[in-house]
Amino acid sequence: MQVTSHKFKENVKTALGQPNLRVALDRTTGLLTSRRRETIAAYPEYAEARTTAARIKDHTLAHLDHYLEMFEKNATAAGATVHWAQTPKQATDIIIEICRRHEAKSVTRVKSMLGEEIGIGEALRDAGIERVETDLAEHIIQLAEEPPSHIVVPAMHKTREEVADLFRLKHHDPQKTDDVAELVESARRELRPKYIGADIGISGANFLIADTGSVVTVTNEGNGELTTTLPKVHIVNVGIEKLVPSMEHCAVFIRLLARAALGTEITQYTTFYNGPRRQGDVDGPEEMHIVLVDNRRTEIFDGYMRPMLRCIRCGACMNHCPVFNAVGGHPYGFVYPGPMGAILTPAMTSLETAGDLPNACTLNGRCQEVCPVNIPLPDMMRRLREEQWQRALTPASMRYGLGFWAFAAKRPWLYRLGTRLSVAMLRLLAGSKGRITSLPLAGAWTRHRDMTAPQRGTFMDQYRRRRQP
Amino acid sequence: MNPRDAILGAIRASLGHEPADAANVAREAEALIAAPARFQPKFDNETNRSRFMARATSERLTATVDEVGALSDAPGAVRNYLVRANLPLSIARPPAALLRDLDWGDVSGHETLSPDEPVAVNIADWAIAETGTLVFTSRPDSPTLFNYLPLHHVILLDGGKILRYPEDYWAKVRQSGAAHPRSTNFITGTSGTADIEGQNIRGAHGPRFMHIVIFGGAP
């Protein structure tokens with residue numbers, strides 16, 4: 001996909017200027033976070049499951065070569081063909097070649113972030129093959145010709161009213177009202193014939209099981225199984241980090257994934273695929289291909305970001321991120337937004353391109369707190385900032401600003417004078433309201449929210465006052 | 001270098017060791033999931049059957065459940081459901097002898113699926129109490145699509161085949177020593193989506209209604 005992470009600040013300005021976006025974000029993340037809280041409160045064994053899950057991933061990564069070979073052997077034995085791709089280009093070349101060999105005209109697709117990562121949509125378009133997105137959200141953004149804005153609910157930036165207008169424009173037999181149930185029904189009517197007519201179905205995978213060679217998908221809509229069962233070929237594109245040793249290990253993650261992502265105990269459909277149609281079967285694909293994709297995961301593997309490869313793509317970190325909740329996923333400019341995207345985007349593009357992302361973070365730590373595999377996201381953001389500083393990629397204004405701050409911080413009398421003056425000035429600006437609605441030199445900040453006025457007295461003043469008996 | 005060797009080579013270079021001894025790795029992996037009670041949700045005061053029924057009929061899963069004495073009573077319960085739901089007395093069912101041999105009375109059956117099949121009746125291999133999940137596996141007499149294409153998904157379930165946890169199901173598969181089927185489907189309620197404003201809507205692409213008829217087993 002077109003990476004626009006280098007224009008993050010510009011993108012943020014555009015996002016903040018869209019009043020509908022805030023409504024859409026609040027409606028969705030509000031529900032997702034409250035549901036998550038409830039299901040985890042009802043699962044007292046959660047902490048133990050979370051620790052176990054992180055250990056399983058660490059173990060699998062520590063023997064990744066071993067498990068990849070084991071998976072390849074077992075998947076091949078089940079009749080699947082395993083392909084390896086280092087780059088997105090290699091991956092899409094393999095997929096397009098399979099499509100060409102089968103003279104495919106139409107491909108149905110189940111949402112997978114890896115597919116977005118390798119640009120499968122563009123590759124199919126360039127090859128002149130029709131691509132039908134079957135996940136409801138992906139269907140919406142395909143019609144709107146927009147990129148996804150969230151990894152689990154990619155059309156979360158759209159209100160129901162916007163979706164209704166879009167369907168009225170694009171569907172053959174659209175709904176009558178803006179009711180969400182009617183919108184869903186309209187999409188069902190539109191997509192059903194497409195499933196039947198597709199030559200090839202493409203899916204991702206949530207997990208790969210090393211000791212059985214199985215591919216596991218976790219979905220809610222049932223579009224996955226229709227996509228992978230009806231066409232004569234099923235292609236799986238998947239990152240090499242998705243491995244777990246066995247079905248029993250996978251069970252630990254399935255309990256965590258739906259709770260973290262959607263606030264439910266399990267999704268409606270969890271499917272374990274083992275190769276193509278067997279002798280006597282009346283449905284299922286005749287061929288199954290699994291494309292294992294690196295796309296710089298081996299580089300991530302090599303450094304301090306290795307824990308990032310534990311990520312199971314649940315989206316909890318972004319649902320709980322104040323920055324994501326203010327601007328949505330589009331400003332991040334890549335497949336992965338929010339906290340996990342702020343790590344993966346620099347890793348998969350470059351720190352030069354995506355340097356703003358690890359800085360768009362308040363370091364409040366909620367992302368790690370809600371992460372079902374305990375990825376130290378804030379620590380990695382700090383490491384990325386350090387790396388930027390060392391490589392002199394930090395903008396001049398920030399370097400001067402920090403230099404100025406360091407000068408004062410090393411001179412306590414100056415620092416105290418400065419903070420005292422600032423407190424007085426901010427309180428004066430706030431007046432009796434206790435909130436500052438416009439701040440000189442920080443208009444961009446106060447345009448979208450008020451700044452809270454500081455308490456009376458600096459920290460040192462208050463400390464001294466309270467120490468007096 | 002081909003991509004496979006390049007990827008494995010890069011991983012081995014980072015790990016800085018020769019491939020580990022397979023038996024050791026397996027032991028280490030096994031230890032990680034020892035004593036699964038640590039992380040399995042406990043429901044000590046519920047039987048497998050009561051937990052399964054509570055979950056299946058929950059607001060989230062939206063299934064309805066009937067209990068009958070024996071498999072031979074199931075067609076009657078299915079007929080009642082069809083009448084209640086205002087459906088024609090005609091069902092799609094997989095080409096399984098177990099289903100074919102039942103006395104369906106005036107309910108006609110066909111072993112094919114149309115793209116807009118209104119009702120399919122199937123029989124589950126197993127169920128999992130923890131989450132109210134039904135387990136199906138693909139075989140010549142159990143095609144996958146019977147569980148995904150119809151609008152009404154009616155399932156017959158042997159009350160004696162409700163397991164407590166998914167781990168118990170995988171243990172059964174291991175014990176049997178059989179190869180994994182092409183497709184193992186864990187199905188928990190009806191097709192749903194929360195893609196528009198996070199609202200849960202039923203019948204996104206697959207079944208909108210689920211009705212489970214439990215036969216036999218300790219009540």
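No experiment lies behind these values; they were computed from the predicted model shown.

Turning our eyes to something else, we now look at the overall build of chain A. Broken down by element type, chain A carries 23 helices and 12 strands. Here the C-alpha radius of gyration of chain A, 25 Å, is about what a compact globule of 469 residues would show, namely 23 Å. Dimensions of chain A, computed from the C-alpha atoms along their principal axes, are close to 85 × 55 × 45 Å. For chain A, the proportion of its 469 residues judged to be buried stands at 51%. Counted over contacts in chain A with a minimum sequence separation of 6, partners at least 24 positions apart contribute 73%.

Further remarks concern the domain arrangement of chain A. Domain parsing of chain A yields domain 1 (43–298) and domain 2 (404–467). Using only C-alpha atoms to locate each centre, domain 1 of chain A and domain 2 of chain A end up separated by 50 Å.

Inspection of the secondary structure puts A:Arg160 in helix H9 (residues 160–170). Distance from A:Arg160 to A:Lys242, taken between C-alpha atoms, is 34 Å for residues 82 residues apart in sequence. Ignoring anything within four residues of it in the chain, the contact list for A:Arg160 reads A:Asp178, A:Val180, A:Leu183, B:Ile196 and B:Glu197.

Of note, A:Tyr269 is situated in strand S9 (residues 269–273). Taking the C-alpha atoms as reference, A:Tyr269 lies 21 Å from A:His150; in sequence the two are 119 residues apart. If we ignore the near neighbours within four places in the chain, the residues touching A:Tyr269 are A:Thr219, A:Asn220, A:Gly222, A:Gly224, A:Glu225 and B:Ile187.

Turning our attention to the nonpolar core. Across soluble globular proteins, nonpolar side chains show a tendency to be buried alongside one another. Judged by nonpolar contacts, the single largest core of 179 residues is most densely connected at A:Phe253, A:Leu257, A:Val291 and B:Ala127. Sorting elements by how many residues they give to this core places helix H12 (residues 247–262) of chain A first, with 12 residues. Setting aside residues no more than four positions away along its own chain, B:Ala127 makes contact with B:Phe52, B:Thr133, B:Leu134, B:Val135, B:Leu157, B:Lys161, B:Ile162 and B:Leu163.

All names here are of chain A. For Arg296, which is not glycine, the phi torsion reads 70 degrees and is therefore positive. Tracing the backbone shows Arg296 in the loop between strand S10 (287–293) and helix H13 (297–301). A residue is classified by how many C-beta atoms lie within 10 Å of it, and Arg296, with 17 of them, is partly exposed. Not every positive phi belongs to a glycine, and Asn374 is a case in point at roughly 55 degrees.

With that out of the way, let us pick up helix H5 (residues 88–101) of chain A. Residue and element names in this part refer to chain A. Counted at 1.5 Å a residue, the expected span for H5 with its 14 residues is 20 Å, and the 20 Å between its end C-alpha atoms agrees. Every buried residue of H5 is accounted for by Pro88, Ala91, Thr92, Ile94, Ile95 and Cys99. Seen from one end, H5 has its buried residues packed into an arc of 155 degrees, which puts them on one side. Facing away from the buried surface of H5 by more than 90 degrees, the exposed residues are Glu97, Arg100 and Arg101. Residue Glu103 follows H5 closely and has a positive phi angle near 50 degrees.

So, about helix H1 (residues 3–15) of chain B. The first and last C-alpha atoms of H1(B) sit 18 Å apart over 13 residues, in line with the 18 Å expected at 1.5 Å per residue. Taken together, the buried positions of H1(B) are occupied by B:Ile7, B:Leu8 and B:Ile11. Buried residues along H1(B) cover an arc of 90 degrees about the axis, so they all sit on one side. Projecting away from the buried face of H1(B) at angles above 90 degrees are the exposed residues B:Asp5 and B:Ala13. Contact partners of the buried residues in H1(B): helix H4 (64–77), strand S1 (81–85) and H13 of chain A.

Now for the interface of chain A and chain B. Contacts between the two partners involve 78 residues from chain A and, on the opposite side, 59 residues from chain B. The pairing of S9(A) with strand S9 (residues 183–187) of chain B spans five bridges and is antiparallel. The residue of S9(B) that forms the bridge with A:Thr271 is B:Asn185.

Below, the discussion takes up the sheet that holds strand S5 (residues 126–128) of chain B. Taken in spatial order, the eight strands line up as S8(A)-S5(A)-S6(A)-S9(A)-S9(B)-S6(B)-S5(B)-S8(B) in an open sheet, and their pairing is mixed. For this open sheet the edge positions go to strand S8 (243–244) of chain A together with strand S8 (162–163) of chain B, each flanked by a neighbour on one side alone. Pairing analysis gives four bridges linking strand S6 (residues 133–137) of chain B to S9(B), with the strands arranged antiparallel. Along S9(B), the bridge assignment pairs B:Val135 with B:Phe186.

Moving on, we get to the packing of H4(A) against H1(B). Helix-helix packing: each pair is described by the crossing angle between the helix axes and the interaxial distance. Look at H4(A) against H1(B): their axes get within 9 Å of each other, and the N-to-C directions meet at 150 degrees. By the angle class used here, H4(A) and H1(B) are roughly antiparallel. Residues A:Leu64, A:Asp65 and A:Leu68 of H4(A) pack against B:Leu8, B:Ile11 and B:Arg12 of H1(B). Counted by class, the contact of H4(A) with H1(B) contains four nonpolar, no polar and two charged residues.

What follows deals with the packing of helix H8 (residues 136–144) of chain A against H9(A). All names here are of chain A. Relative to each other, H8 and H9 sit at 65 degrees, their axes nearing to 10 Å. Taken together, H8 and H9 sit at an angle that is classed as roughly perpendicular. Regarding H8 and H9, the two cross each other, and that crossing is left-handed. For the pair H8 and H9, the contacting residues are Ile140, Leu143 and Ala144 in the first and Val163, Leu166 and Lys170 in the second.

Cut-off values and rules
- Residues numbered from 1 in each chain as written.
- Chains lettered and ligands numbered in written order.
- Predicted model: local features only at pLDDT ≥ 70, side-chain atom pairs only at ≥ 80, totals over all residues.
- Helix = DSSP H or I, 4+ residues; strand = E, 2+ residues; numbered from the N terminus.
- Rg over C-alpha atoms; globule rule 2.2 N^0.38 Å.
- Buried ≥ 20, exposed ≤ 12 C-beta atoms within 10 Å, placed from the backbone.
- Contact = placed C-beta atoms within 7 Å.
- Domains from an automatic or database assignment.
- Core = buried A, V, L, I, M, F, W, Y, C linked by C-beta atoms within 7 Å.
- Expected span 1.5 Å × (residues − 1).
- Arc of directions from axis to C-beta.
- Pairing = 2+ DSSP bridges.
- Axes fitted to C-alpha atoms, helices over the stretch in contact; angles between N-to-C directions.
- Parallel < 35°, antiparallel > 145°, perpendicular 65-115°, else oblique.
- Nonpolar A, V, L, I, M, F, W, Y, C, P; charged D, E, K, R; others polar.
- Left-handed = near helix turned anticlockwise from the far one by under 90°.

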